[in-house]
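The chain contents come next:
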Amino acid sequence: MNTLVDYPSVVERYEPTLGLEVHVELSTNTKMFCGCPTTFGAEPNTQVCPTCLGLPGSLPVVNRTAVESAIRIGLALNCSIAPWGRFARKNYFYPDMPKNFQTSQYDEPICVDGYMDVTLDDGTVVRVGIERAHMEEDTGKSLHVGGATGRIHGADYSLLDYNRAGVPLIEIVTKMIPDTGGRAPEVARAYVTQLRDLISSLGVSDVRMDQGSMRCDVNLSLSPAGSGVLGTRTETKNVNSLRSVERAVRYEMSRQAGVLDAGGEIVQETRHFEEQSGTTRAGRRKETSEDYRYFPEPDLVPIAPSAEWVEELRGTLPEKPWERRARIQQAWGLSDEELRDLVNAGALDLIEATVAAGAPAGEARSWWVAYLAQQANSRSVELAELPITPAQVARVIALVAAGDLNNKLARQVVDGVLAGEGEPDAVVESRGLKVVSDDGALIAAVDEALAAQPDVADKIRSGKVQAAGAIVGAVMKATKGQADAKRVRELIIERCG
Amino acid sequence: MSDLIRLSAAELAERIAAKEVSAVEAAQAHLDRIAEVDGAVHAFLHVGTEAALASAALVDEQIAAGQRVSALAGVPLALKDVFTTSDMPTTCGSKILEGWRPPYDATVTTRLRAAGITILGKTNMDEFAMGSSTEHSAYGPTRNPWDLSRIPGGSGGGSAAALAAFEAPLAIGTDTGGSIRQPAAVTGTVGVKPTYGGVSRYGLVACASSLDQGGPCARTVLDAALLHEVIGGHDPLDSTSIDAPVPSVVEAARLGASGDLSGLRVGVVKELGGEGYQPGVRASFDEGLQRLEKLGAEIVEVSCPHFEYGMAAYYLILPSEVSSNLARFDAMRYGLRVQEGASAEEVMALTREAGFGPEVKRRIILGTYALSSGYYDAYYGQAQKVRTLISRDFAAAFAKADVLVSPTAPTTAFPIGEKVDDPLAMYLNDLATIPTNLAGVAGMSVPSGLAAEDGLPVGLQIMAPALGEAVMYRVGAAFEASRVADEGLLIAPEVAK
């Protein structure tokens, strides 16, 4: 067993070189090469057809939306878009590959040579070069049953689900990221985080690491500090969360340093990250290196996006999420921490849309992070999944501002919208929630309450205005909360004056 | 023997449309003929009696109801067993697909059905279309109706033999290196390889994707043209299908039958006229040139210097694509499964060992080798360059001539067993037909008479530029009309039962 070197000591004596390969599943309605739906979580083998099952005679046809998404990702990463490129076949046998080859771009990727400026927590900016982003199809899923490892070897039998086979993927590969020193884990995490946000802002993928719609492989090597000699790298897979990205880099640095310190050599291999222990373990060692026998896919014509199309797509790119955040932070006067809370709660888009629908930023924010966040929490859904739109929230805020609702009533209106009772105005109508603003009705209620509590009425008349609270309460009760409390108080003082 | 089976498809269709003969009668006559002679010929792997009669009955109903029907409605057809059919097995002549019933129809199948053509059954072929004699079928060879001890050509020997034995007036073949044209030549029938992309490959079980092309087979040029217009044209399910109208080949065939070729330049390819031809083939070709000249064509000699590398390039590109296309036959989802294996890999290997014949294995091994890292550039890469050079040769030749001609095959039908253990001798059958596949241009074989020494049919190959089918059919029809006027149709001797 190899000893781990403690982190400060690694950083003192070794220089890490990072590389990240990120697979992103596109959220197109249909698969890469056929018309099958891509919905996550369907019954196994219900989203399949002759093409994605690789049946004899079937042929692929490229999904134009997937190409469009690939180009938009490339443009957002400052890549050049190849004017001409072919798909290739990557040949290998595996039961979850229906054709026993994967259709992928090999030496002619659609996006090449870009970069992303990654901002670390302290504001340091690291420019990460993008080598390429290319399109490929996903494989099916295997579930190996029996045996000790959950892997195909030693399993009693395997279940295959081809629903995922042919789902479009984009693989984004960085150039080597040198000179990050002790900050390598942080840089890796920040890059993946920022990439996730960028792709999310393009609306082309769910980028859910927990569901596998975003997957990350971490390449890492060490070289002795100042030597300038690139070390042998390992590739760590199964890194399924942002936190794991950081942990995997850090662990590999300590592990590799241990091997090197002991005079050993790093083996170029695929390793698997273990979420529980935060360690990496070697994958099954292959006796011979895999030869994928790539050759151009003869069933497809080359992809040749016109310059006009690329420019048209460039025009559809949204504001970069980090630039947008900076703008919003300034406009709404938020602290870093407040902004981070909003981002983490997934509230930023919702609040911005609510503001765009006419609500003041403060109130929009307060609705989403307080009452609506509670509702989402109690229903165990994401904020964005609540059945209420920013426009509806804005309308409720407007009704409060106009004095038509008080806060308590406004929450009831929101409850009605969440319960599927329709637009806020319809809920106000059907539930009869409008603030009672008819002074006549209120005066009658006030007089009744004063008559019912003559001792309190006397106190008020004698100048003890704070005693009015009891009467306000009674009036509110009598009007079932639909009175404007402020107006009630005014009327009480008037009637006692 | 019923007279109905002697009719051309055009004549039969006219009689059916005129209600002189019912489609059911036509189907039954051919089914009877199959029952009578196919035990000796073995053109069919599967006969779909019930479906054929039902399809014919539908056409009769439509005609009785006064509905418009297609130009070939009710005409029976023999379909090469490489196109998927949802109501019949599809085996590709291989044990590995024994009993496989596809869940979908090929586009060609769909178009045949839509035209009211009666599909009689599926015809025998060399396994996965690899061979020139139909001896490589896992289900036993097809015999040439001209001499049952001889081969009917291949890979589409079943389709060609069905025509020559009057089991069907129409057939569909596929041509990867000559698999439609060479069988046509040795059975005295007409076979057309359309321009690559002219007929959809969707549902055509691939041999070599960049070379395969489905096409019509018939006993007359006009019949082939009528069938060509049914199956041809753009298919959105095949990316490599050409998005252009089908050339007007029926009109061209009718025009050609008037027999005037004045103003047309017919190029004789110097490199396809050398050594290696059987004397009777050579003599028939020379007579053919005189006939074309008599019809008014100008004969010019053209040189295609890179054709001599065609065979070598073909036997690198074809096996490379085969090795990848046939990877899907792994026992996991359909077809044969040899269950004895202890692991998925072993099941795959044992199934492929048991399910593929020697010629298929030979080509898979060749292709796997040619695509291997370190060999790719020298083999596959170099072969692709040859392909480009051959395309250039064609372009230069077509600048000097409207069509090119050569003998279709170097010999007449050879005895069964003569070349089956000598792959190189077998491969040489396709020497003259391979260049058109490599370049994607059109080619056809038309009967040019009988060889003096053995009395067996010889074919004339006519080649035209991409989408130049109209001129090719015109020349073919003129040649046919002139020859038939002098010598009569080539009719195989009655099959000995």
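Residues numbered from 1 in each chain as written. Chains lettered and ligands numbered in written order. Predicted model: local features only at pLDDT ≥ 70, side-chain atom pairs only at ≥ 80, totals over all residues.

The next thing to look at is the overall build of chain B. A count of helical and extended segments in chain B gives 16 helices and 11 strands. Reported as C-alpha extents along the three principal axes, the dimensions of chain B are approximately 65 × 55 × 45 Å. Per-residue burial over chain B gives 64% buried out of 497 residues. Put simply, 77% of the contacts in chain B that link residues at least 6 apart link residues at least 24 apart. (Helix = DSSP H or I, 4+ residues; strand = E, 2+ residues; numbered from the N terminus. Buried ≥ 20, exposed ≤ 12 C-beta atoms within 10 Å, placed from the backbone. Contact = placed C-beta atoms within 7 Å.)

Attention now moves to the nonpolar core. By size, the foremost hydrophobic cluster in this structure holds 168 residues, and its most contacted members are Ala26, Leu72, Leu77, Ala165, Cys217, Val403 and Ile462 of chain B. When residues of this core are assigned to their parent elements, the largest contribution, 9 residues, is made by helix H2 (residues 23–41) of chain B. Discounting residues that sit within four places of it in the chain, Ala26 of chain B has contacts with Leu4, Leu12, Ile16, Val21, Ala56, Gly74, Val75 and Pro76 of chain B. Phe33, Cys79, Met135 and Met209 of chain A belong to the second largest nonpolar core, which has 67 residues in total. (Core = buried A, V, L, I, M, F, W, Y, C linked by C-beta atoms within 7 Å.)

The next point concerns the packing of helix H13 (residues 439–452) of chain A against helix H15 (residues 468–478) of chain A. All names here are of chain A. With their axes 9 Å apart at the nearest point, H13 and H15 run at an angle of 125° to one another. Here H15 runs oblique to H13, going by the angle between their axes. Judged by the twist between their axes, the crossing of H13 over H15 is right-handed. Facing H13, whose interface residues are Ala445, Val446, Ala449, Leu450 and Ala452, H15 presents Ile471, Ala474, Val475 and Ala478. For the contact of H13 with H15, the residue count by class is 9 nonpolar, no polar and no charged. (Axes fitted to C-alpha atoms, helices over the stretch in contact; angles between N-to-C directions. Parallel < 35°, antiparallel > 145°, perpendicular 65-115°, else oblique. Left-handed = near helix turned anticlockwise from the far one by under 90°. Nonpolar A, V, L, I, M, F, W, Y, C, P; charged D, E, K, R; others polar.)

This part is about the confidence of the model for chain B. A residue-level look at chain B finds 99% of positions with pLDDT of 70 or above and a mean pLDDT of 96. The complex prediction reports pTM at 0.88, with the ipTM value standing at 0.95. (pLDDT = per-residue confidence, 0-100.)

This part covers the pairing of strand S4 (residues 170–174) of chain B. Residues and elements named next belong to chain B. With 5 of 5 residues buried, S4 is to be regarded as a mostly interior element. The pairing of strand S2 (residues 76–80) with S4 spans 3 bridges and is parallel. Bridged to Leu77 within S4 is Leu170. (Pairing = 2+ DSSP bridges.)

Residue and element names in this part refer to chain A. Partitioning chain A into structural domains gives domain 1 (7–309), domain 2 (321–431) and domain 3 (439–496). Relative placement of domain 2 and domain 3: their C-alpha centres are 33 Å apart. Each partner contributes residues to the interface: domain 2 has 4 residues there, and domain 3 has 4 residues. (Domains from an automatic or database assignment.)

A separate point is the sheet that holds strand S7 (residues 265–269) of chain B. All names here are of chain B. Taken in spatial order, the 11 strands line up as S1-S3-S2-S4-S6-S5-S10-S11-S9-S7-S8 in an open sheet, and their pairing is mixed. Each edge of the sheet is formed by a strand with only one pairing partner; in this case those strands are strand S1 (44–47) and strand S8 (298–302). When strand polarity is set aside, the average angle formed by the axes of neighbouring strands in this sheet is 30°. Against the sheet, H2 makes contact with S1, S2 and strand S3 (118–123), and its axis sits at roughly 20° relative to S3, the strand it touches most.

Time to look at the packing of helix H11 (residues 407–418) of chain A against helix H12 (residues 424–431) of chain A. Residue and element names in this part refer to chain A. Close contact between H11 and H12 brings their axes to 9 Å; oriented N to C, the two are set at 110°. As far as their axial angle goes, H12 and H11 are roughly perpendicular. Of H12, the residues touching H11 (which contributes Gln412, Val413, Gly416 and Val417) are Pro424, Val427, Val428 and Arg431. Residues that form the contact of H11 with H12 fall into these classes: 5 nonpolar, 2 polar and 1 charged.

Over its 12 residues, helix H11 (residues 344–355) of chain B runs 16 Å from end to end, which matches the ideal 16 Å to within 8%, given 1.5 Å per residue. Contacts from the buried residues of H11 of chain B go to strand S8 (157–161) of chain A. (Expected span 1.5 Å × (residues − 1).)

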